[in-house]
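Observations on the model geometry
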Amino acid sequence: MTSVTKLESIGRIRLSPNFFLREFLYSEISQAEGIENVPSDLELATLAGQGLCENVLEPIQTALGKVSIRSAYRSAQVNQTGNEKDYNCASNEKNYASHIWDVRDAAGNYGATACIVVNSFVDYYAETGDWPALAWWLYDHIPSFRHAVFYPKLAAFNINWYSSPSPERSILAQVPHPETGKKGILVRDAGAAVPMANGEKYAEYLRRIN
């Protein structure tokens, strides 16, 4: 059991100007199952979190306003429990360098994923269902993310930063596209898939927030 003093110290680690490690450690699975959600490799988790915050979350918050963290870091034990109990968690192997910040993947790279909500987008999404507006904004303005996955509630989405630059970025969705009614790939680079709709859809959203 990690001491309160140690947890307080971990929580004070600053990942970027506007983000501290503490807000990325909360986990409903951890709370419900009574499992600590604390990095075993704090140095690697911090490095991965800094990459995510500095290259992805800070630019989003600077441009679009407050970013709320829904979930982020998972210890290997928390993630394994989530996978075994069907809490919508992929296997540990698939989550290394993703939700499991403190374990490198099979390629030796590290990374970090957070599920976030862009607060300024919530009302627009509730009115229109137009999650691709935000997805295309990310694609056009945040070159450092590797992949993103959108979900139905609040237009929350997972977004990943990865230590090794990749020529391919992808955006997927578990919510139907408002124009096509299809789930799945919105865009994937390198010609593997074509967009489900054109990249001009976010113009109305940008007009509202600017």
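Whatever comes next refers back to the structure up there.
Report on the accompanying structure. All values derive from a computational prediction rather than experimental measurement.

Once that is clear, we can look at the overall build of the protein chain. Counting its regular elements, the protein chain contains eight helices and eight strands. Since a compact globule built from 210 residues should have a radius of gyration of about 17 Å, the 17 Å found for the protein chain is in line with a globular shape. Overall, the C-alpha framework of the protein chain stretches about 50 × 35 × 30 Å when taken along its three principal axes. Considering only residue pairs separated by 6 or more positions, the protein chain has 63% of its internal contacts joining residues 24 or more positions apart. Carbon together with sulfur atoms contributes 48% to the accessible area of the protein chain, which is approximately 10,400 Å² in total. Taking the average location of the 19 positive side-chain charges in the protein chain and that of its 23 negative ones, the two points are 2 Å from each other.

Attention now goes to the side chain of H99. With respect to the secondary-structure elements, H99 resides in the loop between α5 (92-95) and β4 (111-118). Residue H99 is classed as buried on the basis of its relative accessible area, which comes to 3%. In terms of polar contacts, H99 uses its side chain to reach the backbone carbonyl oxygen of A72, at 2.7 Å. Those residues within four positions of H99 in sequence are excluded, and the remaining contacts are S71, A72, Y73, R74, T113 and N158.

Turning next to helix α4 (residues 76-84). If you check which residues of α4 are buried, you get V78, N79, T81 and G82. Within α4, the buried residues cover an arc of 160° as seen down the axis, which keeps them to one side. Exposed positions of α4 whose direction lies more than 90 degrees from the buried face are Q77 and E84. In this fold, the buried residues of α4 make contact with α2 (28-33) and α5.

Two numbers describe how helix α6 (residues 119-128) lies on helix α7 (residues 131-141): the axes approach to 8 Å, and their chain directions differ by 140°. Put simply, α6 runs oblique to α7. Together, F121, Y124 and Y125 of α6 and W131, A133 and L134 of α7 make up the contact between the two elements.

Turning our eyes to something else, we now look at the pairing of strand β5 (residues 145-150). When a strand is regular, its side chains alternate between the sheet's two faces. Note that β5 and strand β6 (residues 157-162) share five bridges and pair antiparallel. Paired with F150 across the two strands is F157, which belongs to β6. Hairpin geometry of β5 and β6 is characterised by an intervening segment of six residues between the two adjacent antiparallel strands and by a positive phi of about 65° at L154. Examined bridge by bridge, β5 and strand β7 (residues 170-173) share four bridges and lie parallel to one another. Paired with H147 across the strands is S170, a residue of β7.

What counts, and at which threshold
The residue numbers shown here count from 1 along each chain, following its written sequence. Per-residue local features of the predicted model are confined to residues with pLDDT of at least 70, and side-chain atom pairs are confined, for both listing and counting, to 80 or more; whole-chain, interface and lining totals are unaffected and use all residues. With hydrogens and water set aside, each side-chain value is computed from the structure's full complement of heavy atoms. Helical segments are the DSSP runs of H or I of at least four residues, strand segments are the runs of E of at least two, and each set is numbered from the N terminus. The globule rule is 2.2 Å times the number of residues to the power 0.38, and the radius of gyration it is compared with is taken over C-alpha atoms. Residue contacts are defined here by distance: any two heavy atoms, one from each residue, within 4.5 Å place the two residues in contact. Surface exposure here means Shrake-Rupley accessible area, sampled with a 1.4 Å probe, where a residue is shielded only by the protein chains that are shown. None of His or the chain ends enter the tally, which takes Lys and Arg as positive and Asp and Glu as negative. Positions of charges follow a simple convention, taking NZ of Lys, CZ of Arg, CG of Asp or CD of Glu. Exposure categories follow from relative accessible area, calculated using a 1.4 Å probe and restricted to protein chains: below 20% of the type maximum is buried, above 50% is exposed, and the middle band is partly exposed. Under this definition, polar contacts are N or O atom pairs within 3.5 Å; protein pairs additionally need one hydrogen-donor-capable and one acceptor-capable atom, and for neighbouring residues in sequence, both atoms have to be side-chain atoms. When we speak of the arc, we mean the arc of directions from the helix axis to the C-beta atoms. Angular values range over 0 to 180 degrees, each being the angle between N-to-C directions of two axes fitted as lines to C-alpha atoms, with helices fitted over their stretch in contact. Geometric relationships in this document are graded by angle, where less than 35 degrees denotes roughly parallel, more than 145 denotes roughly antiparallel, 65 to 115 denotes roughly perpendicular, and other angles denote oblique. In short, DSSP must find at least two bridges between two strands for them to pair.

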